[in-house]
Structures are given as structure tokens and as C-alpha cells.
Amino acid sequence: MCIETDFERGDLYGRQALELARQIGYYDLISVVLTNLGSAALDQAQDYVKAESYFAEALELARRTNDNKVISANLGSLGDLKKRQGNLDEAAVYLQEALEIARRVGDFWLLGAILNECGDLYLKQNRLEEARAAFKESAAISAKGNQEVAGSALYGLARVAGARGDLDEARQKGRQSLAMFESMSHRLKESVKTWLDSL
């Protein structure tokens, strides 16, 4: 088998790790590997079928082991996947449950990430006040620790401002987001840059 991309190499190693975790019955690791494989399939390969399969299996296992953090993360990932497919009603169901669980768990990184997904959904639905509130809450709780989540929240606030016609605020928040993503060499920096150029 010839491996041609980083995604293919990572997918192969991930599937090998998954097989080993299954052989020894290490359920926590199985859930984590499935979640990571799903994220890679979604973000790098845009393979929605494979991503959904991984997330659904991780979710099922997490429900059996009562791992609320993994349950919330995979519900959020399924919501993101459905949102990307344009299935906004289905995305809302997943994201609502993910948000409720993330609030109970109290993991601020997870809560911020789920709030960003909710904000993005509301933005797609043109529910600008709800989008702004979700991104604002995410920015507030993630500002102290997680730059990736904080950068995404700022990008969301920038897009809300842009949708409202407040281009000065949109540019300001967009530049703040871009600076964060550039400092991390994050993959979203190109998306933010392209969006800023379009204003």
C-alpha cells in the first residue's frame, strides 16, 4: 500500500492504534482514537461518511461508559459535520445536547468549542443575536487559556459584525483572530485571511 498524504499516513497509524486498543480492551483510548480519526477525516479529507462513522462509534462507546466529556465532544463533532452538509436542523439537535452536557461537565475548552459551533450554526441561520451571544461567551471563557478556541470565537464575532454591516468591528475582530491563528501556524489562518480580504 502506497501512502501519499499526511492524512493517509495518520489514518493508517490511527487505525493501527485503534486495533491495539480494541485488542486490550482499553475503552477510553478507543473513544479518543475514534474521535481523532473522525476529526481528521472531517477536517483533512472532507470524508463525511468516514467521519460520521468514527464519531458515531465513539459516541456509542462513550454512552456505554458514561464518559460525558467524550459524549459532548462527539455530539459537537456530529453537529459540525451535519452543519457542513447543510443539515442545519439535525446539526442543532446534536449541538444542543452537546452544549447541555458540556455545561454540566465544566470543561471550559470543550464548552468554548461547542459554543463556537453553536455560534456558527446560528450565523448560518441568520440568528445574529444568538450567534453573537454564543461567540461572546466562548471568547470570555477561553481568553485565559485556549488560543484556538479564543481565535475561533473572535472570528465568529467578526463574521457577526460583518453580517450586521459593522465593517470596522468586523476588521478589528478578524485581525485579532488572524494574529492568534498566525502565532500558532493554525490551519484557519488562511480562511480568516481570505474572509478579511473579502470585506
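Just so it is clear, the structure is predicted and the values come from calculations on it, not from any experiment.

Trainee: Explain the overall build of the protein here, please?
Mentor: A tally of regular secondary structure across the protein gives ten helices and zero strands. Reading the helices (α) and strands (β) of the protein from amino to carboxyl end gives α-α-α-α-α-α-α-α-α-α. Compactness check: the protein gives a C-alpha radius of gyration of 17 Å against a globular reference of 16 Å for 199 residues, within 12% of the reference. Taken along its principal axes, the extent of the C-alpha atoms in the protein is 55 × 40 × 30 Å. Intrachain contacts of the protein at a sequence separation of at least 6 include 48% that bridge at least 24 residues. For the protein, the exposed area adds up to about 10,500 Å²; of that, 49% sits on carbon and sulfur atoms.

Trainee: Where do I start with the environment of G156 in this structure?
Mentor: Position of G156 among the secondary structure elements: in helix α8 (residues 147-163). C-alpha of G156 to C-alpha of S142: the two residues are 14 residues apart in sequence and 14 Å apart in space.

Trainee: Sorry, what's going on with unusual backbone geometry here?
Mentor: Residues apart from glycine generally show negative phi values, whereas peptide bonds are mostly found in trans. One non-glycine residue, N66, adopts positive backbone phi at about 55°. Looking at the secondary structure, you find N66 in the loop between α3 (48-65) and α4 (68-84). The exposure class assigned to N66 is exposed, which follows from its relative accessible area of 62%. The phi torsion at N126 lies on the positive side, around 60°, for a residue other than glycine. Given a relative accessible area of 57%, N126 falls into the exposed group.

Trainee: Can you walk me through helix α6 (residues 108-124) in this structure?
Mentor: Along its 17 residues, α6 runs 24 Å from first to last C-alpha, staying within 8% of the 24 Å computed at 1.5 Å per residue. Of all the positions in α6, only L110, L111, G112, I114, L115, N116, C118, G119, D120, L121, Y122 and L123 are classed as buried. On its buried side, α6 packs onto α4, α5 (88-105), α7 (128-142) and α8. The distance from a side-chain oxygen at the start of α6 to the backbone nitrogen of W109 is 3.0 Å, and the residue carrying that oxygen is D107.

Trainee: Explanation requested: the pattern of salt bridges in the structure shown.
Mentor: A side chain of one charge can pair with a side chain of the opposite charge when the charged atoms of the two come close. In the structure shown here, the tally under the stated rule is 18 salt bridges. The partner of D107 in a salt bridge is K69, with the nearest N and O atoms 2.8 Å apart. Placement of D107 in the loop between α5 and α6 and of K69 in helix α4 is noted, with a sequence separation of 38 residues between them. Its relative accessible area of 16% is what places D107 among the buried residues. Classification of K69 as partly exposed rests on a relative accessible area of 43%. Measuring nitrogen to oxygen at the nearest pair gives 3.0 Å for the salt bridge that ties R84 to D80. One end of the pair is R84 and the other is D80, both in helix α4 and four residues apart, which spans about a single turn. Residue classification places D80 among the buried residues on the basis of a relative accessible area of 9%. Each of D43, D80, K83, R84, E117, D120, R159 and R187 takes part in salt bridges that share partners, so that together they form one network.

Trainee: Where do I start with the environment of L88 in this structure?
Mentor: With respect to the helices and strands, the residue L88 is situated in helix α5. In this structure L88 comes out as partly exposed when scored by relative accessible area, which is 21%. Residues L88 and D166, 78 residues apart in the sequence, show an inter-C-alpha distance of 26 Å. Excluding its chain neighbours within four sequence positions, the residues that come into contact with L88 are K83, L121, K124 and Q125.

Trainee: What is the right way to look at the packing of α6 against α7 in this model?
Mentor: Packed helices, taken two at a time, are described by their axes: the angle between them and the distance between them. In contact at an axis separation of 8 Å, α6 and α7 are set at 160° when each is read in the N-to-C sense. Classified by the interaxial angle, the pair formed by α6 and α7 is roughly antiparallel. Handedness of the α6/α7 crossing: left-handed. From α6, F108, L111, G112, L115, N116, G119, D120, Y122 and L123 reach across to α7, where they touch L128, E130, A131, A134, F135, E137, S138 and I141.

The rules behind these values
- Residues numbered from 1 in each chain as written.
- Predicted model: local features only at pLDDT ≥ 70, side-chain atom pairs only at ≥ 80, totals over all residues.
- Heavy atoms only, no water.
- Helix = DSSP H or I, 4+ residues; strand = E, 2+ residues; numbered from the N terminus.
- Rg over C-alpha atoms; globule rule 2.2 N^0.38 Å.
- Contact = heavy atoms within 4.5 Å.
- Areas by Shrake-Rupley, 256 points an atom, 1.4 Å probe, with all protein chains shown as cover.
- Buried < 20%, exposed > 50% of the residue type's maximum accessible area, 1.4 Å probe, protein only.
- Expected span 1.5 Å × (residues − 1).
- Polar contact = N/O pair within 3.5 Å; in protein donor to acceptor, adjacent residues only side chain to side chain.
- Salt bridge = Lys/Arg side-chain N within 4 Å of Asp/Glu carboxyl O.
- Axes fitted to C-alpha atoms, helices over the stretch in contact; angles between N-to-C directions.
- Parallel < 35°, antiparallel > 145°, perpendicular 65-115°, else oblique.
- Left-handed = near helix turned anticlockwise from the far one by under 90°.

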